Amino acid sequence: MKESLLRIEGLHAGIGGKEILKGIDLDIRPGEIHAIMGPNGAGKSTLGAVLTGKPGYEVTSGRVSYMGRDLLAMAPEERSWAGLFLSFQYPVEIPGVTISAFMKAAIDAKRQNAGLPAFTGAEFLKLLREKMAFVKMSPDFAKREVNVGFSGGEKKRNEIFQMAMLDPALSILDETDSGLDVDALKIVADGVNALRSPEKSAIIITHYHKLLEYVVPDKVHILKAGKIVASGGREMVDVIENNGFEKF
Amino acid sequence: MSAKNHKLFILRPGDKFEPLNLVLGENYREEITFLVLPGVTAEIDLNAELSGAGAEVKIRGLFLCCSDEKVSIRTNIRHSVPSTSSSQLICGIAGGQSRASFAGRIVVVQDAQKTEAIQTNRNILLSDSARIETHPELEIYADDVQCSHGATIGRLSEEEQFYMRSRGIPEGEAKILQMISFLAPVLEGREDKEALMQQIEKSLRQMV
């Protein structure tokens, strides 16, 4: 059996003194896709925030190891360099910063950290165009300010574009499917599926089954009131679709 | 239309700024840009009287303070005849224990109809102990004019910073990107924008 990519043990965390995660255990191995489902307020987004190091969240007990490293001791940028990626539920607008400049800074930092030479302008542009085409984004978007004036679907597509650019080992998709029409959903799903490999893993956080029709998870966990109350295979998705979260 | 005159002042440590007193006659157009780099304590005093129809003054300025600088900016624009225009955009960043102030006065005399005057002062505080004051002062005695002013003092958004950091952009780089985008409108439309921005970026790197 492969070693864990991400191992969460007894994680308690919250914000502003309020405990939201009340003892999470999770073990994700390379190549696995895990879905975390649960009603609103269960702590799904808090889990994503804690894993990516969002300021303001406090871990009160528990451990998270990622590739054998203590994830919680790493700065958000270090987590990114190590291959962790969060697709934001509410992508942030950055007025005055173009997608191109934003991604150039991200790729430069990543390569520098890996001890690789910086991309030339041409190399960067080639990668940018390739990944934009991959998520069916118009090349004009490169010059647009990050998420400013984007529709809901465009913002989510921009998240998947960034994911493709950074080629993460572990992607966390936080409600990436909410507010998407079927076409946009398919683009997101194609993006996630295309990045699947025996080494790459993903956590799909959602309260719908929609995205999971296109991206088939290996494991499904039900998160309720800060705890994982049930885990199983993909058949769990149908149980939830038919019965909701009530019985868990 | 007569040609536009450009004046560019780049203030580095030790530099002083001589008060500027301009009288702009008919169709006379003047553009003044000042960049106050870190480590400069200075008073910027700009006075312009628009005394001929079609006269136009454009003021663009930025200041960067990161330690114990004191920067005081005063503009005084007088629209004394009809059909003149002024536009001001001053953006400042203050960190450390610096003190910065902007006082912008615009006077539109009674028969200076069809005056256009815009004044914008935007500021970012980088530390709790820096201080920025902004005092717009508009005296408008004519009734057929378009005048607007706006002043803001804010901080760099931590939400934006986390978003960038989550993509692998180090915190310092994220702040530099934010500050560049905040300052960029000051140099918008200039041919030497890139070159000036490079100098500014160098200064910003000392500040984060």
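Treat the numbers as computed from the prediction; the structure is a model and nothing was measured.

Caption draft 1: Seen up close, the overall build of chain B. The helix and strand tally for chain B stands at three helices and eleven strands. Listing every helix and strand of chain B by position from the N terminus yields β-β-β-β-β-β-β-β-β-β-β-α-α-α. On C-alpha atoms alone, chain B measures out to a radius of gyration of 18 Å, which is about the 17 Å that the 2.2 N^0.38 rule sets for 208 residues. The principal-axis extents of the C-alpha atoms in chain B amount to approximately 55 × 30 × 30 Å. Counting all 208 residues of chain B, 39% fall into the buried class. Within chain B, contacts between residues at least 6 apart in sequence are counted, and of these 80% link residues at least 24 apart.

Caption draft 2: Quick look at the overall build of chain A. Helix and strand counts for chain A stand at eight helices and twelve strands. Against the compact-globule benchmark of 18 Å for 248 residues, chain A has a radius of gyration of 18 Å, which places it among compact chains. Along the first, second and third principal axes, the C-alpha set of chain A runs to 55 × 40 × 40 Å. Put simply, 70% of the contacts in chain A that link residues at least 6 apart link residues at least 24 apart.

Caption draft 3: Seen up close, the confidence of the model for chain B. For chain B, mean pLDDT is 96; residues scoring 70 or higher make up 99% of the total. This prediction of the complex comes with two scores: 0.92 for pTM and 0.95 for ipTM.

Caption draft 4: A look at the sheet that holds strand β3 (residues 33-37) of chain A. Residues and elements named next belong to chain A. The strand order across the open sheet formed by six strands is β6-β9-β10-β3-β11-β12, and the pairing between neighbours is mixed. Only two strands of the sheet have a single partner each, and these edge strands are β6 (84-87) and β12 (227-232). Here the strands of the sheet are splayed against their neighbours by 20 degrees on average, with no regard to which way each runs. Alignment of strand β9 (residues 170-174) against strand β10 (residues 201-206), held across five bridges, turns out to be parallel. Bridge pairing links Ile 172 to Ile 203 in β10.

Caption draft 5: Structural view of the interface of chain A and chain B. Facing 21 residues of chain A, the contacting portion of chain B comprises 17 residues. Breaking the side of chain A that touches chain B down by element, the ones donating at least two residues are α2 (76-81), β7 (94-98), α3 (99-113) and α5 (152-166) of chain A. If one sorts the elements of the side of chain A that touches chain B by residue count, α3(A) sits on top with five residues. A class-by-class count of the residues in the side of chain A that touches chain B yields 14 nonpolar, four polar and three charged.

Caption draft 6: Inspection of the packing of helix α2 (residues 171-187) of chain B against helix α3 (residues 193-207) of chain B at higher detail. Residues and elements named next belong to chain B. Put simply, α2 and α3 touch, their axes get as near as 11 Å, and they point 140 degrees apart. Our pair here, α2 against α3, has a crossing hand that is right-handed. Judged by residue contacts, Ile 176, Met 179, Ile 180, Leu 183 and Leu 187 of α2 engage Lys 193, Leu 196, Met 197, Ile 200, Glu 201, Leu 204 and Arg 205 from α3. Its residues assigned to classes, the contact of α2 with α3 shows nine nonpolar, no polar and three charged.

Caption draft 7: Representation of the packing of α3(A) against α5(A) in the model. Residues and elements named next belong to chain A. α5 packs onto α3 with a crossing angle of 25 degrees between their chain directions and a minimal axis gap of 11 Å. Comparing their axes, α5 and α3 come out roughly parallel. Between α3 and α5 the crossing geometry is right-handed. Judged by residue contacts, Met 103, Ala 106, Ile 107 and Lys 110 of α3 engage Gln 162, Met 165 and Leu 166 from α5. Residue composition of the contact of α3 with α5, by class: five nonpolar, one polar and one charged.

Caption draft 8: Representation of the nonpolar core in the model. Residue and element names in this part refer to chain A. Grouped together as the largest cluster of nonpolar side chains are 76 residues, with contacts concentrated most on Phe 102, Ala 106, Ile 172, Val 188 and Ile 204. Examining the composition of this core, we find that seven residues originate from one element, α3, more than from any other. The residues contacting Ile 204, other than those within four sequence positions of it, are Ile 33, Ala 35, Leu 173, Leu 211, Leu 212, Val 215 and Pro 217.

Caption draft 9: Region of interest: the sheet that holds strand β1 (residues 4-11) of chain B. Residue and element names in this part refer to chain B. One open sheet holds the six strands; their spatial order is β1-β3-β5-β7-β9-β11, and the pairing between them is parallel. Lying at the two open borders of the sheet, with one neighbouring strand each, are β1 and β11 (146-154). Put simply, the sheet's adjacent strands are angled 5 degrees from each other on average, direction ignored. With nine bridges joining them, strand β9 (residues 116-125) and β11 adopt parallel strand pairing. When the sheet's bridge partners are listed, Arg 122 is paired in β11 with Thr 152. In the packing of α2 onto the sheet, the strands contacted are β5 (56-65), β7 (85-94) and β9, and the crossing angle to β7 comes to about 160 degrees.

Caption draft 10: Representation of helix α6 (residues 182-194) of chain A in the model. All names here are of chain A. Relative to the 18 Å expected for 13 residues at 1.5 Å per residue, α6 spans 18 Å between its end C-alpha atoms, a close match to the ideal helical length. Restricting attention to buried positions, one finds in α6 the residues Ala 184, Leu 185, Ile 187, Val 188, Ala 189, Gly 191 and Val 192. Against α4 (121-134), α5, β9, β10 and α7 (210-214) lie the buried residues of α6.

Rules used throughout
- Residues numbered from 1 in each chain as written.
- Chains lettered and ligands numbered in written order.
- Predicted model: local features only at pLDDT ≥ 70, side-chain atom pairs only at ≥ 80, totals over all residues.
- Helix = DSSP H or I, 4+ residues; strand = E, 2+ residues; numbered from the N terminus.
- Rg over C-alpha atoms; globule rule 2.2 N^0.38 Å.
- Buried ≥ 20, exposed ≤ 12 C-beta atoms within 10 Å, placed from the backbone.
- Contact = placed C-beta atoms within 7 Å.
- pLDDT = per-residue confidence, 0-100.
- Pairing = 2+ DSSP bridges.
- Axes fitted to C-alpha atoms, helices over the stretch in contact; angles between N-to-C directions.
- Nonpolar A, V, L, I, M, F, W, Y, C, P; charged D, E, K, R; others polar.
- Left-handed = near helix turned anticlockwise from the far one by under 90°.
- Parallel < 35°, antiparallel > 145°, perpendicular 65-115°, else oblique.
- Core = buried A, V, L, I, M, F, W, Y, C linked by C-beta atoms within 7 Å.
- Expected span 1.5 Å × (residues − 1).

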